[in-house]
Amino acid sequence: MSDNTKIEKQLRQQVIEAAIKHYEVKHKRENSFKPGDRISYGGRVFDEKEIINLIDSSLDFWLTTGKYAEKFEKEFAEFLGIRHCSLANSGSSANLLAFMALTSHKLGNRRIKKGDEVITVAAAFPTTVAPIIQYGAIPVFVDVTLPTYNIDITQLEVALSDKTKAVMIAHTLGNPFDLQTVKDFCDAHNLWLIEDNCDALGTKYLYNDDWKYSGTIGHIGTSSFYPPHHMTMGEGGAVYTNDTQLKHIVESFRDWGRDCWCPSGKDDTCKNRFTQQFGELPVGYDHKYVYSHIGYNLKVTDMQAAVGCAQLEKLPFFIEKRKENWKMLREGLDELQDMFILPEATAKSQPSWFGFLLTVREDANFTRDEIVIYLERSGVQTRMLFAGNLLRHPCFDEMRKTSEGYKIIGDLKNTDTIMNRTFWIGVYPGMTNDMIIYILEKIMGFVKI
């Protein structure tokens, strides 16, 4: 070992030790919740291990995708029990990549073309639907059911047409949609299934008598690693699949549209870099600069992935803590079923909950807005179920004028109910029993006023 290498190792250790001390002073907190303190709906849960990984990565100064990204992709795929994982810079980018992969010419007649239809729901986060519209396909919106808040499977056959090519929907706040019915429907009609798994990491579903993680049953699954999610990289996302061809297509769109599969920083892993012919390019044109798709640059940085590797070790705890917190809220609010529609898990599922949904009943003596304002003033952070009804938002104003660019099945009655009367509170692992007891006391106190 050279003198410079020894010195570098010593200095690296000193920097890391100093960073640990900084963490203990700046970030480490004992549980000191007092009634009235702000209770967030979600947030980061981390310790010195994330700091160590982040500093270690930064000292390498490998600023794009690298060794930590490779490590995360491998270990995350192993956790899910799936063959391939491709990291991206956000969950929204993961959804974009998942959809765009299905438009690839390499899929032949199965590719999604402009004007083809994709079944989805309007009670969704915008980036589950945005890629469909941005590409020029037609979203076909169906309603959801209460109290699961997931797609109404009775409308699938009604929504089907000779232009239908895919179903793209999310598992709502960790509660999976009826994967058996939806996947059987897709298989029967040769449709693609994209599972937006961004709010459901760690959820399990009994599919064909086998417990599987949500996101691994469809053709493609996606995750988000934004701070409030089940685990975080700050920003970050993932696309995963058992289909090797789809994996290569996803990474092509992610990496500028290039045809080459070499990892970042590596050349000629196939030993055919200068021997092939593509399109109208000259024979032997450098394969590293051949583009088979009109793509993007949506790669994650290695520093983000470094944080993710430490978070992945905590993921089993995060999942169980979310379940415990949700159960405590559900049991504590059970007596209020005459005032709220309380959430229920989908049959044959073990949800890894993202939040706790409450829908104020129509005949309650208070409104959603009244209890939300009360909770917020009491220090309890709340959230709407994302868009409520995405079609009611300004981004659809122009499309509504012409009634073109999308289709609606039925009247979306439950979707409008969610828009008007639903909200949710957090169950993230940073929430303590004292916080949940406080939330229960505040809700109970409000409804008895």
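Here we summarise the structure given alongside this text. (Residues numbered from 1 in each chain as written. Predicted model: local features only at pLDDT ≥ 70, side-chain atom pairs only at ≥ 80, totals over all residues. Heavy atoms only, no water.)

**A word on unusual backbone geometry**
With an omega dihedral of 15°, the bond running from Leu146 to Pro147 counts as a cis peptide bond. Relative to the helices and strands, Pro147 resides in the loop between β4 (144-145) and β5 (150-151). The phi dihedral of Tyr149 falls on the positive side, at around 65°, and the residue is not glycine. Mapped onto the elements, Tyr149 comes out in the loop between β4 and β5. Positive phi values are uncommon outside glycine, yet Lys348 reaches one of about 60°. Following the sequence through the fold, Lys348 ends up in the loop between β12 (340-341) and β13 (349-350). (Helix = DSSP H or I, 4+ residues; strand = E, 2+ residues; numbered from the N terminus.)

**Here we look at a nonpolar patch on the surface**
A cluster of nonpolar residues, Trp256, Tyr285, Tyr289 and Tyr291, forms a patch on the protein surface that exposes about 470 Å² of accessible area. Among the secondary structure elements, Tyr289 is positioned in the loop between α8 (244-254) and α9 (302-332). (Patch = residues over 30% accessible without salt bridge, like charges linked within 9 Å, V, L, I, M, F, W, Y side chains within 5 Å. Areas by Shrake-Rupley, 256 points an atom, 1.4 Å probe, with all protein chains shown as cover. Salt bridge = Lys/Arg side-chain N within 4 Å of Asp/Glu carboxyl O.)

**Thoughts on the sheet that holds strand β3 (residues 138-142)**
Spatially, β1-β11-β10-β7-β6-β2-β3-β15 is the arrangement adopted by the eight strands of the open sheet, whose pairing is mixed. Whereas interior strands pair on both sides, the edge strands pair on one side only; in this sheet they are β1 (84-88) and β15 (407-408). The pairing of β3 with β15 spans two bridges and is classified as parallel. What sits directly across from Phe141, in β15, is Ile408. Across the sheet, helix α5 (residues 126-135) touches β2 (117-121), β3, β6 (164-170) and β7 (192-196), and the angle it forms with β3 is around 145°. (Pairing = 2+ DSSP bridges. Contact = heavy atoms within 4.5 Å. Axes fitted to C-alpha atoms, helices over the stretch in contact; angles between N-to-C directions.)

**Considering the sheet that holds strand β8 (residues 204-207)**
In spatial order, the strands read β9-β8-β13; together these three strands make up an open sheet with antiparallel pairing. With one partner strand each, in any of the chains shown, β9 (210-213) and β13 form the two edges of the open sheet. Where β8 and β9 come together, four bridges link them in antiparallel fashion. Following the sheet pairing, Lys204 is matched in β9 by Tyr213.

**Looking at the packing of α9 against helix α13 (residues 433-447)**
One can describe the packing of α9 onto α13 by two numbers: an axis separation of 10 Å at closest approach and a directional angle of 25°. Classed by the angle they form, the pair α9 and α13 counts as roughly parallel. As α9 packs across α13, the resulting crossing turns out to be right-handed. Here α9 contributes Lys321, Asn325, Met328, Leu329 and Gly332 to the contact with α13, which in turn contributes Asn433, Ile436, Ile437, Ile439, Leu440 and Met444. (Parallel < 35°, antiparallel > 145°, perpendicular 65-115°, else oblique. Left-handed = near helix turned anticlockwise from the far one by under 90°.)

**A few points about the pattern of salt bridges**
Enumeration according to the criterion identifies 26 salt bridges in this entry. Measuring nitrogen to oxygen at the nearest pair gives 2.6 Å for the salt bridge that ties Asp56 to Arg12. Remark: Arg12 occurs in helix α1 (residues 3-26) and Asp56 occurs in helix α2 (residues 48-60); sequence separation between them is 44 residues. Exposure remark for Asp56: the relative accessible area of 15% places this residue in the buried category. The exposure class assigned to Arg12 is buried, which follows from its relative accessible area of 16%. A salt bridge links Arg368 to Asp369; the shortest N-O distance between them is 3.1 Å. Residue class for Arg368 comes out buried when judged on its relative accessible area of 9%. (Buried < 20%, exposed > 50% of the residue type's maximum accessible area, 1.4 Å probe, protein only.)

**Topic: the packing of helix α4 (residues 91-101) against α8**
The contact between α4 and α8 brings their axes to 9 Å, and the two run at 120°. Classified by the angle their axes make, α4 and α8 are oblique. Considering the relative orientation of α4 and α8, their crossing is right-handed. Contact residues: Leu97, Met100 and Ala101 in α4; Ile249, Val250, Phe253 and Arg254 in α8. Of the residues contributing to the contact of α4 with α8, the split by class is six nonpolar, no polar and one charged. (Nonpolar A, V, L, I, M, F, W, Y, C, P; charged D, E, K, R; others polar.)

**Re the pairing of β8**
A one-sided burial pattern is seen for β8, the buried positions being Tyr205 and Tyr207 and the unburied ones Lys204 and Leu206. Between β8 and β9, which pair antiparallel and follow one another directly, the connecting turn spans two residues, one of which, Asn208, has a positive phi of 50°. Bridge count between β8 and β13: two bridges; the pairing is antiparallel. Note that in β13 the partner of Tyr205 across the bridge is Ser349.

**Some words on the pairing of strand β11 (residues 237-241)**
For β11, the tally of buried residues reaches five of five residues, placing the bulk of the element in the interior. Bridging between β1 and β11 involves five bridges; their strand directions are antiparallel. Looking at the pairing, Ala88 lines up with Gly237 of β11. Here four bridges tie strand β10 (residues 220-224) to β11, and the two strands are oriented antiparallel to one another. The residue of β11 that forms the bridge with Ser224 is Gly237.

**Description of the nonpolar core**
One finds Phe340, Phe366, Ile371, Phe423 and Ile443 to be the most contacted residues of the largest nonpolar core, which totals 33 residues. Going through the elements one at a time, α9, β14 (355-360), α10 (368-377), β16 (422-426) and α13 are the ones with two or more residues in this core. Core analysis: the second largest hydrophobic core is formed by 32 residues, Ala159, Leu179, Tyr205 and Leu357 among them. (Core = buried A, V, L, I, M, F, W, Y, C linked by side-chain atoms within 4.5 Å.)

**Examining α13**
Helix length check: α13, at 15 residues, gives a terminal C-alpha distance of 21 Å against a target of 21 Å (1.5 Å per residue), a fit within 8%. Looking at α13, one finds that the buried residues are Met435, Ile436, Tyr438, Ile439, Leu440, Ile443, Met444, Phe446 and Val447. Buried residues belonging to α13 abut α9, β12, β14, α10 and β16. (Expected span 1.5 Å × (residues − 1).)

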